[in-house]
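Coordinate analysis (summary)
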Amino acid sequence: MASSDDAPQPYKGVRPLSLAGHVGFDSLPDQLVNKSICQGFCFNILCIGETGIGKSTLMDTLFNTNFENFESSHFEPQVKLRAQTYDLHESNVRLRLTVVNTVGFGDQMNKQESYQPVVDYIDRQFESFLQEELKIKRSLHNYHDSRVHACLYFISPSGHSLKSLDLVTMKKLDSKVNIIPVIAKADTISKSELHKFKIKIMSELVSNGVQIYQFPLDDETVAKVNTAMNGHLPFAVVGSTEEVSVGNKMVKARQYPWGVVQVENESHCDFVKLREMLICINMEDLREQTHTHHYELYRRCKLEEMGFQDTDPECKPVSLQQTYEAKRQEFLVELQKREDEMRQMFVQRVKLKESELKEDERELQSRFEQLKRLHADEKSALEEKKRLLDEDQSSFGKRRAAAQLLQAQSLTANGKKDKDRKNSGFM
Amino acid sequence: MWTLQSCGSVLTLSINADLARPCTDLFGYVGIEAVLDQMRRKTIKAGLEFNIMVVGQSGLGKSTLVNTLFKSKVSRKSCTPNYEEKISKTVKLHSVSHVIEEKGVKMKLTVIDTPGFGDQINNDNCWEPIVKHVNEQYEKYLREELHINRKRRIPDSRVHCCIYFLPATGHRLRPIDVEFMKRLGKIVSIVPVIAKADTLTIEERQEFKEQIRQDLAANGIRVYPQKEYDEDPEERILNDRIRESIPFAVVGTDKEHQVNGNKVLGRKTKWGIIEVENVAHCEFANLRDLLIRSHLQDLKDVTHDIHYETYRVRRLNESNMNYSELGLSTWPLENKCESDSHL
């Protein structure tokens, strides 16, 4: 699927011409280099390894500086990644180095999902580059490239073989990043054991189909060195930032009661080889591989997943624009459908609510009527009572008047009688 | 400034190095500077492509100049056998490619010639075929870039530099010059030169150049090196010096003569030998240094980073290709789902 010209070939079909004098375009590599010096370089390393295996120390030793690191605990519930960016300066070269460390790798009880955060991180960096590349207004030459260029995988020095966690993780990562396996804390293994260990590791990697990074052999100036180094993989390293005096020099070393392990001594460990391979000879190649191989693979998979293709079923080349237009139509149709659905749902809900409200209104109305009737009834009852009371009152009033009259009459009659008696008494 | 990104189970802290961190000092040798050599090696191995277009009326010495610049017979006239000089009725574009090598650096040089430009009686719209060609190259590159399966190295046929030949009238820019440079200056890097400069004396030349510079400024024509693209003060100083001396007055030839015991490239006349590479005689050496020895990479970069990007933005906007509309990380419908409102 990848293009056929993997190595840049001399231009085919174009005739070569000889020059009659010095033109001067051989200064182009210098022009390019000058421009890059102005812009600065950027390099991102991912270190994967168990807690305490010496990742941070190795980074400090490799770059001869003190990155501020703090020890992580062994009790992380999940694997996390910590990325830190530094600006390094050596003569006139400015390097923006990003070191990404895995925190808590290999500490959990259940390590099945340990590789996932790492894969996610790498994919995210590819994704953000892809997004930038596909933007309309983009600024790629100013873009801070955060894609992982090299992955140092730290193998613990058991002396036997790779752990299954190592195999699984490396298998998942080999198509996404350049993996360079290193044997950490190599001062715990003796020379003969180390030799057997290396062979065992390489054969396990090969038999499991893990593709680790091979130092490139196409450039004659470095092919020899690289071939030799390819045979020394994985590098057995020792890291140390402490200095011990050996002879009359101060060297980076680890001091034991039985001796001193010198970091930069090639017969003690492979640290110098690692530094040379990683930085001095192949840094540019690592970056190039990441961009032209791993990133392109990611991009291709991502775009194909989204449905873009280069050729349609009849094998005619389809431009991205056609696919895009088709997708856009599809998308708009889908959008329209959803809009209709939502509108329908809305109408339905409104109807429901309306009927509910009507129901309530009716109920309210009937209650009102009921209460009104009740009220009217009470009122009439009360009126009745009042009327009766009034009648009673008026009849009582009449009787009283009659009684008074009677009384008054009887009084006058009695008075007359008395008068009569009186009068009669005299006679 | 700390930026905190949290996504699911991964927490990444990235320190924005520009603001927070000063340069970390190295305690000893690391070997980072070896990356320069690595880069050099890779460039030499990969080779480069350079496409140069020459525009001007016939008879101004375009082909000769290009042959002189690259010290070999790269122009179309030298390539086609039995070439007959005919004035063509329309502007046609002719591309000729060669591979030249110097000290291990291979360059695929393509010279695009424009016979017929400015030669007709009615020269209306004579720039159109040229504009079309330039845009076609950008389009080709864009298509390649948008492919799913991309080539490792996209073949670059974009015009990196356009040398525009001004006849040595000694007065000012003609309407055809103004029109052409106005239009092309927006899409490609133009380097104007005064052709056949041996017909002007030094004073006439200075006046002519001054007049041209004024005309260019008055018409808002931007020629290479453009002021806006200077990236740092050093570059600005360098480019200012160049800007003060454009357009270069050049003389081209491929004949050699003996001067003071040395063989030099020159034109022999009855009144003397005009040495092409002598800066006192003409400015060919300055042009060559600008184009090839110091600004070759810059020309390619300006074409790629600025002119190509401008074309790309315009093109993508035209065809309404807005990828962010589609939402690259998840298919858009999943995104829009979440905004369902609950009535």
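What you see is a predicted model; the values in this text were computed from it and never measured.

1. A few points about the overall build of chain B
For chain B, the helix and strand inventory stands at 11 helices and 11 strands. Within chain B, contacts between residues separated by at least 24 positions form 65% of all contacts whose residues are at least 6 apart in sequence. About 16700 Å² of surface is accessible on chain B, with carbon and sulfur atoms providing 51% of the total.

2. Description of the UniProt feature "coiled-coil region" (unreviewed entry) in chain A
If you check UniProt for "coiled-coil region" (unreviewed entry), the listed places come out as residues 347–391 of chain A in our numbering. A helix fraction of 100% and a strand fraction of 0% characterise residues 347–391 of chain A, whose end C-alpha atoms lie 66 Å from each other.

3. Focus: the pairing of strand S4 (residues 94–102) of chain B
Pairing of strand S1 (residues 16–17) of chain A with S4 of chain B involves two bridges; the strand directions are parallel. Looking at the pairing, leucine 17 of chain A lines up with isoleucine 100 of chain B of S4 of chain B. Looking at chain direction, S4 of chain B and strand S5 (residues 105–113) of chain B are connected through nine bridges and run antiparallel. Note on S5 of chain B: the bridge partner recorded for serine 95 of chain B is isoleucine 112 of chain B. Counting the residues in the hairpin turn of S4 of chain B and S5 of chain B gives two residues, including lysine 103 of chain B, whose phi is positive at 50 degrees.

4. Focus: the environment of leucine 32 of chain A
Within the fold, leucine 32 of chain A resides in helix H1 (residues 28–39). Between the C-alpha atom of leucine 32 of chain A and that of proline 181 of chain A, which follows or precedes it by 149 residues, the distance is 32 Å. Setting aside chain neighbours within four positions, we find leucine 32 of chain A in contact with Thr43 and Gln297 of chain B.

5. Concerning the environment of glutamate 204 of chain A
Residue and element names in this part refer to chain A. With respect to the helices, strands and loops of the structure, glutamate 204 is situated in helix H5 (residues 191–207). C-alpha separation for the pair glutamate 204 and serine 161, spaced 43 residues apart in sequence, amounts to 7.9 Å. Beyond its immediate stretch of four places on either side in the chain, glutamate 204 contacts Ser161, Leu162 and Leu167.

6. Quick word on the side chain of threonine 290 of chain A
Residues and elements named next belong to chain A. Within the secondary structure layout, threonine 290 lies in helix H8 (residues 283–305). Relative accessible area serves as the criterion here: at 1%, threonine 290 is assigned to the buried category. Among the polar contacts made by the side chain of threonine 290, one reaches the side chain of asparagine 178 at a distance of 3.3 Å. Excluding its chain neighbours within four sequence positions, the residues that come into contact with threonine 290 are Phe126, Arg147, Val148, His149, Asn178 and Tyr295.

7. Quick look at helix H2 (residues 55–62) of chain A
Residue and element names in this part refer to chain A. With respect to burial, H2 is a largely interior element, six of its eight residues being buried. Residues Lys55, Leu58, Met59, Asp60, Thr61 and Leu62 constitute the buried set of H2. Lining the buried residues of H2 we find strand S2 (41–48), strand S4 (93–103), strand S5 (150–155), strand S9 (249–256) and helix H7 (271–281). Immediately beyond the C-terminal end of H2, within one or two residues, lies asparagine 64, with a positive phi of roughly 50 degrees.

8. Notes on the sheet that holds S4 of chain B
Read across the open sheet, the seven strands follow the order S1(A)-S4(B)-S5(B)-S3(B)-S6(B)-S7(B)-S8(B); overall the sheet is mixed. Either end of the sheet is taken by a strand with one partner, and the two such strands are S1 of chain A together with strand S8 (248–249) of chain B. Judged from the seven bridges that link them, strand S3 (residues 48–55) of chain B and S5 of chain B form a sheet pairing that is parallel. The partner of valine 54 of chain B across the bridge, within S5 of chain B, is aspartate 113 of chain B. Contacts from helix H5 (residues 175–185) of chain B reach S3, strand S6 (161–166) and strand S7 (190–194) of chain B within the one sheet, and its direction differs from that of S6 of chain B by about 170 degrees.

9. Notes on a negative patch on the surface
All names here are of chain A. The grouping of Glu356, Asp360, Glu361 and Glu363 at the surface amounts to a negative patch. Mapped onto the secondary structure, glutamate 361 falls in helix H9 (residues 320–426). On the basis of relative accessibility, which here comes to 57%, the residue glutamate 361 falls in the exposed class.

10. Thoughts on the sheet that holds strand S10 (residues 259–262) of chain A
All names here are of chain A. Here we have three strands laid out as an open sheet, ordered S8-S9-S10, and antiparallel in their pairing. Since the sheet does not close on itself, it has two edges, and those belong to strand S8 (243–246) and S10, each with one partner. When the angles between neighbouring strand axes are averaged without regard to direction, this sheet yields 65 degrees. Note: S9 against S10, four bridges, orientation antiparallel. Its bridge partner lying in S10, alanine 253 is registered against glutamine 262.

11. Observations regarding the pairing of S6 of chain B
All names here are of chain B. For S6, a buried count of six out of six residues is recorded, marking the element as mostly surrounded by other parts of the structure. Residues Cys161, Ile163 and Phe165 line one face of S6 and the alternating positions Cys162, Tyr164 and Leu166 line the opposite face, and both faces are buried. Relative to S7, S6 runs parallel, the two being bridged by five bridges. Considered in S7, the bridge of tyrosine 164 is made with proline 192. In terms of handedness, the path from S6 via H5 over to S7 forms a crossover that is right-handed.

Reading the values: the criteria
- Residues numbered from 1 in each chain as written.
- Chains lettered and ligands numbered in written order.
- Predicted model: local features only at pLDDT ≥ 70, side-chain atom pairs only at ≥ 80, totals over all residues.
- Heavy atoms only, no water.
- Helix = DSSP H or I, 4+ residues; strand = E, 2+ residues; numbered from the N terminus.
- Contact = heavy atoms within 4.5 Å.
- Areas by Shrake-Rupley, 256 points an atom, 1.4 Å probe, with all protein chains shown as cover.
- UniProt positions renumbered as here; feature names shortened; annotations may be inferred.
- Pairing = 2+ DSSP bridges.
- Buried < 20%, exposed > 50% of the residue type's maximum accessible area, 1.4 Å probe, protein only.
- Polar contact = N/O pair within 3.5 Å; in protein donor to acceptor, adjacent residues only side chain to side chain.
- Axes fitted to C-alpha atoms, helices over the stretch in contact; angles between N-to-C directions.
- Patch = residues over 30% accessible without salt bridge, like charges linked within 9 Å, V, L, I, M, F, W, Y side chains within 5 Å.
- Salt bridge = Lys/Arg side-chain N within 4 Å of Asp/Glu carboxyl O.
- Lys, Arg positive; Asp, Glu negative; His and termini not counted.
- Charge placed at Lys NZ, Arg CZ, Asp CG, Glu CD.
- Right-handed = clockwise from strand over helix to strand, strands pointing away.

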